Amino acid sequence: MTIRRTGEEEYENEEEAFTLRVHHHGRFNEAKNEYIGGEVTYFDWVCIDFLSLLNLDVIAKDLGYRLPLSYYWKEYGENVEYEQEVEDAAMEDCVDPTSYWDQSFEIPEMASEDRDGSESDMHLSEGELNSVDGSEEERRHTPWVRKSYPEFNAETDLKDPKFQVGQVFASADLFRKAVRAHALKQRRAVVFEKNDPNRIKVGCKSENCGWQIFASILSEDHRTFKVKTYTPLHTCAMVFKNGFVNSNMLGRKYVNQWRVNPDWNFDGFAQQLRDDYSVDASLWQYYRARKHAKKLIEGTVKEQYARIWDYCAKLRRMNPGSTTQVKCSLDGDIPVFQRIYICLAALRKGWLEGCRRIIGLDGCFIKGQHRGQLLTAVGVDPNNQMYPIAYAVVETENRETWQWFLELLQVDLNINNSHGIAWITDKQKGLIDAIADLFPNSEHRFCVKHLHNNFKVYHKGLLLKQTLWGAATAATEQRFAQKIAYMREISASAYEWMTEKDPRHWSRAFFNEFPKCDMLCNNYCEGFNSAILEARDKPIITLLEMIRNYLMKRMAKKRVEVDKWHHLVGPKVFKFIEKVKLETSGCHSDFCGNNIFQVRNFEQDQFVVDIQNRTCACRRWQLVGILCVHAMCVIMTSNMDPIQFVDDCYKMDRYKLAYDPVIYGLNGPSMWPQTGHTPIRCPEFKKQRGRHRKARKLQFDEVRQDGTTRLRKNYVLIHCRRCGQRGDNDQTDAEPSAQSKILSLPSPPAPTPTTAPKPKKKRG
């Protein structure tokens, strides 16, 4: 160890403080009487009174060495000597330093220089002096200050790692990542020769290359790693196939690209990999890297199910009054997820104050690893657009799950009297029974599109389809009877099929007038399912958060849009009014008295319109709440404003009441409260054979939307080539006919033609 006094150092009292220079991690050459290799560490502001051999042991431990050790000291200008004087018990265990001279340089020796030497030829730079922590006054009273090693910054240095002797890493994993990043950046093949929790040695795969780096733990009490040996020069050739380029590494490397663009395709991924590392990627490597990146972005499925309690607690705290209900089954003492129901307070308040009393119910498939169904309840806002109310994730769509969902929805919407509400659904049997049990007096409409899908299985043809829709859109019972009679003339079987269905569920002629909505299709639920399509293949919390984010942004967007309205009604309602105005060209109105008019259209039909009571004999005005063509003819003839005769449920005031409530945002999962409940376990997953199907199965008469130029063979009757029966084929033909058996027998081989030999000509 060398102790010297720096002549230029601004020590106030040179007899009390000095700078300590420590040579270590090298070897002592007895012949030349000098210390070779290793590194130098400076300790400033060392107090003379506090320096002893015990303090030297503390310094050695701080540098990462284990006791006992041998120390060398030197008076400036004299030879190096071995310290023989024992000041305390620490020196009694020291061994002969000559035993270390011929061993590996990893076994340290230290040298020192006495403070009584003359002026030093080595000086500390201003930057090293300024790097000491604490104020000037604190440093003057500090026995010594530890040397600041160069630290590796994971956020900035991993892009292009640079190593040096004495460099420290926060952990062994960080050192390994830095080595791998260096190998990829320099396009070299390296191998971990020693790789354990306390030491790591890495060398080049090439036998002729001398590149190597060795790092070990700094002390037993910390996980800090320090570079002890480093040979920086590569003499080998670059390689373009590296084992470190695996799917996990690529997933971590390009996680931000997938976070910004979840649809980043294989071509872009492969090109980016070639640009960065000159390496080609396989398709399966792309799939595995994308899967790993998705786990980093969204978390694993098990982690998300385990935090459902925390998510619900945070959601209720940020949105007071919201309802979250979780149902689990028990596997011993462990809860297993079954269902979750969410109704945000802002949506509930907006629907109660600003929307009409009609709700659409529908379910859609969840396409993630753990399959299930997403149940939704969607209303209609004053601008004739969808208004989501509540949603739930359940294990399957049946009567039990729908009844559980509707019971919670009934409490949230305070539906005590079922006379004042209407429902529109598809013909799902469990849903029909659940509505009949909970809301026996409510109006239940069936989606006519789903009704026609069942109808066309047995009764095909465009004429029958048009007649069915004509009966559904008929607003009066007389018009409905005409359409049904016409269907009887076309097809008796179709007429019988239709008469079995109660027209109160699917025809406007029998709808109640209080909802002010003549909706025949459940398009609003279908639109909501389409809007959240990207969320339906995500893990449970990511799915719920994507739905909440969509609803939050939609509410905020609608609040801004209402300020841009140019009329007292919404843009869609105003556009409908303008369309009705164009249809009045074929109508003529006659005044009768007492605000009653008689209107005759181009079909020579007559309808009585009562302006005061806002009724028309065609019932369209009463059903919708917006002027029909006959009432519009009267209003236009009388030079009145048609918007004044639109129902209040379409006005701007009601629209603001619907969208004024705010859905508040949530902090990240790291800031969610810890409820302390037993973590929920994800349901059992049974992997099905084959690839998971995500695309919706098209109807047999539905045209693809991918730009195809050919239609499928719809309505084509297939005939079996064996039996000749219609609708049969070779696989379903159990017993072929006798004729087909004969036809299927192999024909005998054709005889081979033979030619008679030519007679020989006689000579002579």
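Structure: above.
Residues numbered from 1 in each chain as written. Predicted model: local features only at pLDDT ≥ 70, side-chain atom pairs only at ≥ 80, totals over all residues. Heavy atoms only, no water.

1. Things to note about the overall build of the protein chain
A tally of regular secondary structure across the protein chain gives 26 helices and 23 strands. For the protein chain, with 764 residues in total, the buried portion stands at 46%. When contacts within the protein chain are restricted to residue pairs at least 6 apart in sequence, long-range pairs at least 24 apart make up 61% of them. Accessible surface, the protein chain: about 43,200 Å² in total, of which carbon and sulfur atoms supply 49%. (Helix = DSSP H or I, 4+ residues; strand = E, 2+ residues; numbered from the N terminus. Buried < 20%, exposed > 50% of the residue type's maximum accessible area, 1.4 Å probe, protein only. Contact = heavy atoms within 4.5 Å. Areas by Shrake-Rupley, 256 points an atom, 1.4 Å probe, with all protein chains shown as cover.)

2. Some remarks on the packing of aromatic side chains
Taken as a whole and judged by the stated rule, the model has 30 aromatic pairs. Seen from their ring centres, Phe169 and Phe175 are 5.1 Å apart, and the 75° between their planes marks the pair as edge-to-face. On the accessibility criterion, Phe169 (1% relative accessible area) is buried. Exposure remark for Phe175: the relative accessible area of 0% places this residue in the buried category. The ring of Phe511 carries the charged tip of Arg445 above its face, separated from the ring centre by 4.0 Å. (Phe/Tyr/Trp six-rings, centres within 6.5 Å; stacked < 30°, edge-to-face > 60°. Lys NZ or Arg CZ within 6 Å of the ring centre and 35° of its normal.)

3. Some details on the pattern of salt bridges
Tallying each qualifying case throughout the model produces 21 salt bridges. The salt bridge partner of Asp173 is Arg176, with a shortest N-O separation of 2.8 Å. In this pair, Asp173 and Arg176 are both assigned in helix H6 (residues 172-186), three residues apart and thus about one turn of the helix distant. Via salt bridges that share partners, Lys327, Arg339, Glu395 and Glu400 belong to a single interconnected network. (Salt bridge = Lys/Arg side-chain N within 4 Å of Asp/Glu carboxyl O.)

4. Some words on unusual backbone geometry
Not every positive phi belongs to a glycine, and Asn384 is a case in point at roughly 60°. Mapped onto the secondary structure, Asn384 falls in the loop between strand S16 (372-380) and strand S17 (386-394). Its identity is not glycine, yet Lys516 carries a phi of approximately 55°, on the positive side. Mapped onto the elements of the fold, Lys516 is located in the loop between helix H19 (492-499) and helix H20 (523-531).

5. Re the sheet that holds strand S10 (residues 199-204)
Strands sit in the order S8-S12-S11-S10-S9 across an open sheet of five strands; the sheet is antiparallel. Sheet topology places strand S8 (168-169) and strand S9 (190-195) at the edges, where each strand pairs with a single neighbour. As paired strands, strand S11 (residues 212-217) and strand S12 (residues 225-231) are joined by six bridges and run antiparallel to one another. Bridge pairing in S12 places Ala215 opposite Val227. Along the sheet, H6 makes contact with S8, S9, S10, S11 and S12, crossing S9 at roughly 160°. (Pairing = 2+ DSSP bridges. Axes fitted to C-alpha atoms, helices over the stretch in contact; angles between N-to-C directions.)

6. Comments concerning the side chain of Thr425
Counting through the fold element by element, Thr425 comes out in strand S18 (residues 422-425). Judged by relative accessible area, Thr425 falls into the buried class, the value being 0%. Within the local environment of Thr425, its side chain forms a polar contact with the side chain of His444, the two groups lying 2.7 Å apart. Among residues more than four places away in sequence, those in contact with Thr425 are Leu361, Leu431, Ile435, His444, Arg445, Phe446, Cys447 and Asn522. (Polar contact = N/O pair within 3.5 Å; in protein donor to acceptor, adjacent residues only side chain to side chain.)

7. Re helix H24 (residues 629-637)
For H24, a buried count of seven out of nine residues is recorded, marking the element as mostly surrounded by other parts of the structure. The complete set of buried residues in H24 reads Val629, His630, Ala631, Met632, Cys633, Val634 and Ile635.

8. Side note on the sheet that holds strand S23 (residues 615-616)
The antiparallel open sheet is built from four strands, whose spatial order is S20-S21-S22-S23. Looking at the sheet topology across the chains shown, the edges are occupied by strand S20 (588-593) and S23. Direction of pairing for S20 relative to strand S21 (residues 596-600): antiparallel, over a ladder of five bridges. Its bridge partner being in S21, Asp590 is matched across the sheet by Gln598.

9. Re the nonpolar core
With 77 residues, the main nonpolar core has Ile308, Ile340, Leu361, Phe405, Leu406, Leu409 and Trp423 as its most contacted residues. A total of eight residues in this core trace back to one element, the largest contributor, which is S17. Contacts of Trp423, omitting those with residues within four sequence positions, involve Ile359, Leu361, Leu406, Leu409, Ile415, Ile435, Phe439, Ser442, Glu443, His444 and Arg445. The next biggest cluster of nonpolar side chains, apart from the first, holds 48 residues, and it includes Ala472, Ala474, Val624 and Phe645. (Core = buried A, V, L, I, M, F, W, Y, C linked by side-chain atoms within 4.5 Å.)

10. Remarks on the pairing of S16
Remark: a regular strand shows side chains that alternate across the two faces of the sheet. Counted residue by residue, S16 has nine buried out of nine residues, so it is predominantly covered. Neither face of S16 is left uncovered, since the one carrying Gly372, Leu374, Thr376, Val378 and Val380 and the one carrying Gln373, Leu375, Ala377 and Gly379 both have all their residues buried. Two elements, strand S15 (residues 358-366) and S16, share seven bridges in a ladder whose sense is antiparallel. Each residue of the ladder has a partner; that of Asp362, found in S16, is Thr376. What sits between the antiparallel neighbours S15 and S16 is a turn of five residues.

11. Regarding the packing of helix H17 (residues 462-473) against helix H18 (residues 477-490)
Their axes nearest at 8 Å, the elements H17 and H18 cross at an angle of 160°. Between H17 and H18, the interaxial angle falls into the category roughly antiparallel. The two elements H17 and H18 meet at a crossing, and its hand is left-handed. Contacts from Leu463, Leu464, Thr467, Leu468, Gly470 and Ala471 in H17 reach Phe480, Lys483, Ile484, Tyr486, Met487 and Ile490 in H18. (Parallel < 35°, antiparallel > 145°, perpendicular 65-115°, else oblique. Left-handed = near helix turned anticlockwise from the far one by under 90°.)

12. A word on empty space enclosed by the protein
In total, this model carries one cavity of 30 Å³ or more according to the counting rule given. Of the residues that constitute the lining of the largest cavity, the class distribution is six nonpolar, one polar and two charged. (1 Å grid on protein atoms, 1.4 Å probe; cavity = no way out; pocket = protein on both sides within 12 Å on 5 of 7 lines; lining within 4 Å. Points joined across faces, edges and corners; volume = space filled by probe spheres on them. Nonpolar A, V, L, I, M, F, W, Y, C, P; charged D, E, K, R; others polar.)

13. Details of the environment of Lys226
Considering the arrangement of structural elements, one finds Lys226 in strand S12. According to the relative accessible area criterion, Lys226 is buried, its value standing at 1%. Taking the C-alpha atoms as reference points, Lys226 and Arg199, 27 residues apart in sequence, are found 9.4 Å from one another.

14. Overview of the packing of helix H16 (residues 448-458) against H17
Remark: H16 packs on H17, axes separated minimally by 11 Å, with the N-to-C direction vectors making an angle of 145°. For the crossing formed where H16 meets H17, the hand is right-handed. Contacts between H16 and H17 involve Val448, Lys449, His452 and Phe455 from the first element and Leu464, Lys465, Leu468, Trp469 and Ala472 from the second. Here the contact of H16 with H17 is composed, by residue class, of six nonpolar, one polar and two charged.

15. Regarding the pairing of S11
Most of S11 is tucked away: five of the six residues are buried. Across five bridges, S10 lies against S11 in antiparallel orientation. Paired with Val202 across the bridge in S11 is Ile213.

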